[in-house]
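Spelled out, the chains give:
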Amino acid sequence: MEKKATEKLYDTDAYAKEFTARVENCEPDDDSFLITLDRTLFFPESGGQTSDRGFISVHGGELLEALDENVAQVSITVTDVQIEDEIIYHRVPSAIAVGTEVCGCIDWDHRFDNMQQHSAEHIFSGTVHRLYGYENVGFHLSDNTVTMDFSGTLDEEQIRNVESIVNRAIYENIEIDVSFPTKEELAETDFRSKKEIEGQMRLVTIPGYDVCACCAPHVHRTGEIGILKVQSFQRYKQGTRVQIICGGRALKLFREEHDLMTKLSNDFSLPFEEIGGRIDDLKDEIYNLKGRLMEADRKLSEIKRSMIPADRKNVLLIEDDYEALAMRKSVNELTDRHPGYCGIFSGNDKDGYRFIVGIKDGDARMALGALQKICNAKGGGSPQMVQGSADNLGEQLLRELWEHFEKD
Ligand SMILES: [Zn+2]
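Read on for a plain summary of the structure. No experiment lies behind these values; they were computed from the predicted model shown. (Residues numbered from 1 in each chain as written. Predicted model: local features only at pLDDT ≥ 70, side-chain atom pairs only at ≥ 80, totals over all residues. Heavy atoms only, no water.)

**Things to note about the overall build of the protein**
Right, so step 1: Helix and strand counts for the protein stand at eight helices and 21 strands.
Right, so step 2: A compact globule built from 408 residues would reach a C-alpha radius of gyration of about 22 Å, whereas the protein, at 34 Å, exceeds it by more than 25%.
Right, so step 3: Once the C-alpha set of the protein is aligned to its principal axes, its extents read approximately 100 × 60 × 45 Å.
Right, so step 4: Counted over contacts in the protein with a minimum sequence separation of 6, partners at least 24 positions apart contribute 61%.
Right, so step 5: Split by element, the accessible area of the protein, about 22900 Å² in all, is 51% carbon and sulfur.
Right, so step 6: Measuring between centres, the 47 positive side-chain charges of the protein sit 8 Å from its 74 negative side-chain charges. (Helix = DSSP H or I, 4+ residues; strand = E, 2+ residues; numbered from the N terminus. Rg over C-alpha atoms; globule rule 2.2 N^0.38 Å. Contact = heavy atoms within 4.5 Å. Areas by Shrake-Rupley, 256 points an atom, 1.4 Å probe, with all protein chains shown as cover. Lys, Arg positive; Asp, Glu negative; His and termini not counted. Charge placed at Lys NZ, Arg CZ, Asp CG, Glu CD.)

**With respect to the pattern of salt bridges**
Right, so step 1: In total, this model carries 26 salt bridges according to the counting rule given.
Right, so step 2: With a shortest N-O distance of 3.0 Å, Lys304 and Glu319 are connected by a salt bridge. With Lys304 in helix 5 (residues 272-307) and Glu319 in strand 17 (residues 315-319), this pair connects stretches of sequence that are 15 residues apart.
Right, so step 3: Given a relative accessible area of 11%, Glu319 falls into the buried group. (Salt bridge = Lys/Arg side-chain N within 4 Å of Asp/Glu carboxyl O. Buried < 20%, exposed > 50% of the residue type's maximum accessible area, 1.4 Å probe, protein only.)

**Quick notes on the environment of Phe124**
Right, so step 1: In this fold, Phe124 is placed in helix 1 (residues 108-132).
Right, so step 2: Taking the C-alpha atoms as reference points, Phe124 and Leu228, 104 residues apart in sequence, are found 9.0 Å from one another.
Right, so step 3: Setting aside chain neighbours within four positions, we find Phe124 in contact with Met148, Phe150, Val162, Glu163, Val166, Leu228, Val230, Val242 and Ile244.

**Remarks on the state of the cysteines**
Right, so step 1: For the coordinates displayed, the defined rule picks out zero disulfides.
Right, so step 2: Not part of a disulfide, Cys375 finds its nearest cysteine sulfur in Cys342, a span of 19 Å.
Right, so step 3: Look at Cys375 and you get buried, because its relative accessible area is 2%. (Disulfide = S-S within 2.5 Å.)

**Focus on the sheet that holds strand 11 (residues 146-150)**
Right, so step 1: Here four strands make up an open sheet; going across it, the order is 10-11-16-15 and the pairing antiparallel. Unpaired on one side and paired on the other, strand 10 (136-141) and strand 15 (228-236) mark the two borders of the sheet. Sheet twist, expressed as the average angle between the axes of neighbouring strands with direction ignored, equals 20°.
Right, so step 2: In this sheet, strand 11 lies alongside strand 10 in antiparallel orientation, the contact comprising five bridges. When the bridges of strand 11 are listed, His140 appears paired with Thr147.
Right, so step 3: Each of strand 15 and strand 16 (239-246) is contacted by helix 2 (residues 156-171), which is oriented at about 150° to strand 15, the strand it contacts most.
Right, so step 4: On top of the sheet, helix 4 (residues 247-268) reaches strand 10, strand 11, strand 15 and strand 16; it is set at about 80° to strand 16, its chief contact. (Pairing = 2+ DSSP bridges. Axes fitted to C-alpha atoms, helices over the stretch in contact; angles between N-to-C directions.)

**Re the nonpolar core**
Right, so step 1: If you look at the biggest cluster of nonpolar residues, it comprises 59 residues, and the most contacted ones within it are Ile56, Phe124, Leu228, Val242 and Ile244.
Right, so step 2: Contact partners of Ile244, with chain neighbours within four places excluded, come to Gln117, Glu121, Phe124, Val146, Met148, Leu228, Lys229, Val230 and Gln231. (Core = buried A, V, L, I, M, F, W, Y, C linked by side-chain atoms within 4.5 Å.)

**Thoughts on the coordination of the zinc ion**
Right, so step 1: Taken together, His118 (NE2), His122 (NE2) and Cys214 (SG) make up the full set of protein donors to the zinc ion, lying 2.1 to 2.3 Å away.
Right, so step 2: Along the chain, the residues that donate to the zinc ion are spaced as H-x3-H-x91-C. In this pair, His118 and His122 are both assigned in helix 1, four residues apart and thus about one turn of the helix distant. Both residues of the pair, His118 and His122, count as buried. (Donors = N, O, S within 2.8 Å, 3.2 Å for Na, K, Ca; no water.)

**Points about helix 6 (residues 324-337)**
Right, so step 1: Between its first and last C-alpha atoms helix 6 spans 21 Å; for 14 residues at 1.5 Å apiece the expected length is 20 Å, and the two agree.
Right, so step 2: When helix 6 is considered as a whole, its buried residues turn out to be Met327, Ser330, Val331, Leu334 and Thr335. Angularly, the buried residues of helix 6 cover 135° about the axis, an arc narrow enough to put them on a single face. Facing away from the buried side of helix 6, by more than 90 degrees, are the exposed residues Leu325, Lys329 and Asp336.
Right, so step 3: Packed against the buried residues of helix 6 are helix 5, strand 17, strand 18 (342-348), strand 19 (352-358) and strand 21 (385-390). (Expected span 1.5 Å × (residues − 1). Arc of directions from axis to C-beta.)

**A closer look at the layout of surface pockets**
Right, so step 1: Counted as a void, the second largest pocket has a volume near 530 Å³.
Right, so step 2: Around the second largest pocket, the lining comprises 21 residues; the ones closest to its centre are Met294, Asp297, Arg298, Glu323 and Ala326.
Right, so step 3: Secondary structure elements with two or more residues in the lining of the second largest pocket: helix 5 and helix 6.
Right, so step 4: Classifying every residue of the lining of the second largest pocket gives six nonpolar, two polar and 13 charged. (1 Å grid on protein atoms, 1.4 Å probe; cavity = no way out; pocket = protein on both sides within 12 Å on 5 of 7 lines; lining within 4 Å. Points joined across faces, edges and corners; volume = space filled by probe spheres on them. Nonpolar A, V, L, I, M, F, W, Y, C, P; charged D, E, K, R; others polar.)

**Section: the sheet that holds strand 20 (residues 378-381)**
Right, so step 1: Strand order in the open sheet formed by five strands is 17-18-19-21-20, with mixed pairing between adjacent strands. Where the open sheet ends on each side, the last strands, each with one partner, are strand 17 and strand 20. Each strand axis lies, on average, 10° off the axis of its neighbour in the sheet, ignoring direction.
Right, so step 2: Bridge analysis of strand 18 against strand 19 gives seven bridges, and the strand direction is antiparallel. What sits directly across from Phe345, in strand 19, is Phe355.
Right, so step 3: The strands touched by helix 6 within the sheet are strand 17, strand 18, strand 19 and strand 21, with strand 19 carrying the most contacts at an inclination of about 35°.

Structure (structure tokens):
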């Protein structure tokens, strides 16, 4: 059967939320079904933007799959929408008979959120193009992230400048125009995204800011975007990747960040503007305290080692937290004084242990073998020294093992 292009209702009315249509085709695909309609409001995944979500409703009994015939109306979830050769495929969990008249309803909050992000992206990309001459070579709009990739390098000042200009365009509340120009009209129009598109070109014009070929739904007026904020930017390939957040998403982020700042302000009893400085001071303080703690640890361990009777063959030390380098140094000192297995274990029964075991004349790998046998320890090393870690190693077990070494 010759497949007919799906009529895209969203092309001319981005604000329609419900529609009626006829099922043209229905085919099983994996554990769900792909249906095509004669027309649809569901925007398919395309141009870097995720698809619309929503429901398709049918009268009970018209579903082919085991559904109760007494149910007056059944809504099934549209989980994904794709486009191929101008035909739009709706993924649904149940089959619907070809010819059935259905009602469709898109998730409007999700759609409007995408429209806010996408229209803002056009103003941003148009402004970058006008001021700095770079192309938008990559666009990604998911439920959490909006990124744009530009063909050249933008610095912080340039990005702040574009951010301000986009927000000015939002305050100006400019009407966004969607048009379907003829070939002659197109030839006289300067616009972005001049890809070879078969068939009718759709132009989205934001007067004074951008003209771009685009198939996605847009807000009527720029004011509906609310706000655009650049979240981050970084070097990407030969250009710059910019992450933005707009509209309702930006308000949500502002709320979260404001709540966090309010909590910090209360915790520190400081106004917002003094929190950054206080955190810098705390970082310095922690750095200095760590240094002093390490020095105290070193002294304590020195005292502990000096208290071990000199005639002791094997030595076992269990410490809460022993820095790796200091641990190695201490094991070396111990093996100079004691001929048997000298082991230092850092950690506790709950979180597990890191360990180093050394021996002057012998094979430390024997101790590792014993540890592997009793507690599945992991590690490796030389005859002089082994190191590793173990999760389920009890302090009691360790002491017994070392007593056993002493008897050998
Ligand atoms: Zn677009």
